[in-house]
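Geometric and topological summary
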Amino acid sequence: MTPLAHDRYCDEIALQVEQLRAVVTSGADLSATVPTCPDWTLEQLVLHMGGALRWVGTLVRTRAQENIPDEQVPRGDGPEKRGDAAELDAWLAEAGEMVVGALREAGPDTEVWSWAGDPTVGFWARRMTHEITVHRADATLTAGLPYEVAPDIAADAIDEWLGLVELAQRAYPEWAGKGLRGPGRSIHLHATDTPSDLNAEWIVELTEDGVSSRRGHEKAEVALRGPLTSVLLAFYRRLPLDRPELEVLGERGLLEFWLQRASFG
């Protein structure tokens, strides 16, 4: 499950920022509650995302070797005026330009602090790609707009999610998902609308030693099948399993158990 090229991530972040800006300026109600993140309004979701982009841009630009507090991130808390789509759009555009410029200038191998086991700029390029990919889905679902994402990005988002869950269960003894460990349980994810060379299928094994995953087509206790974007969003708990385009075969309770507990935060 090799990550994509650094420039591919940078290009995608720029595209995702553009598409999230389109939601902001679509006339959507910025005060609407985000169904998939009910503690946030749409405006708060965008402020979170833009703040994260600015934070990472600051980390990378300064080559930080330790975490940077939020208050040290330039304009990290958003535009001065709240509830104004034009102000929010301009602030988000600036955040996108800042982080993409910093990522491109630094290159993937430059060392910079991270909370994961990969203290490189490449880690942050990948992380921000998928952070905004999923949060843009939150925004489009709130606004009632269509959502699409490129197959290579969607597949890599699943790879990264599984890798981070594996990292969390190794690194944090009190990890909330430790209950996932158990004898011989397995999950199969199967995208039904992708070319065979993408190999958009995964096996997730829940063993006594922890969680492991790999690409491939194998029998499992439960399978989640459907279009790749829908599989991605369901696996990220953004779509319910009973969506008409999705199919759950086998022990549905195991898949629901995973969705309740799997996390890297």
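Just above sits the structure.
As the structure is a prediction and not an experimental result, all values here were calculated from the model.

**Examining the overall build of the protein chain**
On a plain count of helices and strands, the protein chain comes out with seven helices and seven strands. Listing every helix and strand of the protein chain by position from the N terminus yields α-β-β-α-α-α-α-β-β-β-β-α-β-α. Each principal axis of the C-alpha distribution contributes one length, and for the protein chain these read about 50 × 40 × 35 Å. Looking at the protein chain as a whole, 52% of its 265 residues are labelled buried. Partitioning the contacts of the protein chain with sequence separation of at least 6, the portion at a separation of at least 24 is 66%. Of the accessible surface of the protein chain, which amounts to about 12100 Å², a share of 49% is contributed by carbon and sulfur atoms.

**Describing unusual backbone geometry**
Residue Arg75 is not a glycine yet carries a positive backbone phi of 55°. Here Arg75 falls in the partly exposed class, since its relative accessible area comes to 40%.

**Details of the sheet that holds strand E3 (residues 185-191)**
Spatially, the five strands line up as an open sheet ordered E5-E4-E3-E6-E7, and their pairing is mixed. Every other strand in the sheet has two partners, leaving strand E5 (210-215) and strand E7 (247-250) as the edge strands with one partner each. Between one strand axis and the next, the sheet turns through 15° on average, direction left out of account. Its contacts with the sheet put helix H6 (residues 228-235) on E3, strand E4 (201-207) and strand E6 (222-226), and the angle it makes with E6 is roughly 130°.

**A short note on the layout of surface pockets**
Where empty space is left becomes clear once a probe the size of a water molecule has been rolled over the atoms. If you add up the space inside the largest pocket, you get close to 390 Å³. Taken together, 22 residues line the largest pocket, and the ones lying closest to its centre are Pro3, Asp118, Phe123, Arg126 and Glu160. Looking at the lining of the largest pocket, the elements with two or more residues in it are helix H1 (6-24), helix H4 (121-143) and helix H5 (151-171). Broken down by element, the lining of the largest pocket gets its largest block of residues, seven residues, from H5.

What counts and how
Residues numbered from 1 in each chain as written. Predicted model: local features only at pLDDT ≥ 70, side-chain atom pairs only at ≥ 80, totals over all residues. Heavy atoms only, no water. Helix = DSSP H or I, 4+ residues; strand = E, 2+ residues; numbered from the N terminus. Buried < 20%, exposed > 50% of the residue type's maximum accessible area, 1.4 Å probe, protein only. Contact = heavy atoms within 4.5 Å. Areas by Shrake-Rupley, 256 points an atom, 1.4 Å probe, with all protein chains shown as cover. Pairing = 2+ DSSP bridges. Axes fitted to C-alpha atoms, helices over the stretch in contact; angles between N-to-C directions. 1 Å grid on protein atoms, 1.4 Å probe; cavity = no way out; pocket = protein on both sides within 12 Å on 5 of 7 lines; lining within 4 Å. Points joined across faces, edges and corners; volume = space filled by probe spheres on them.

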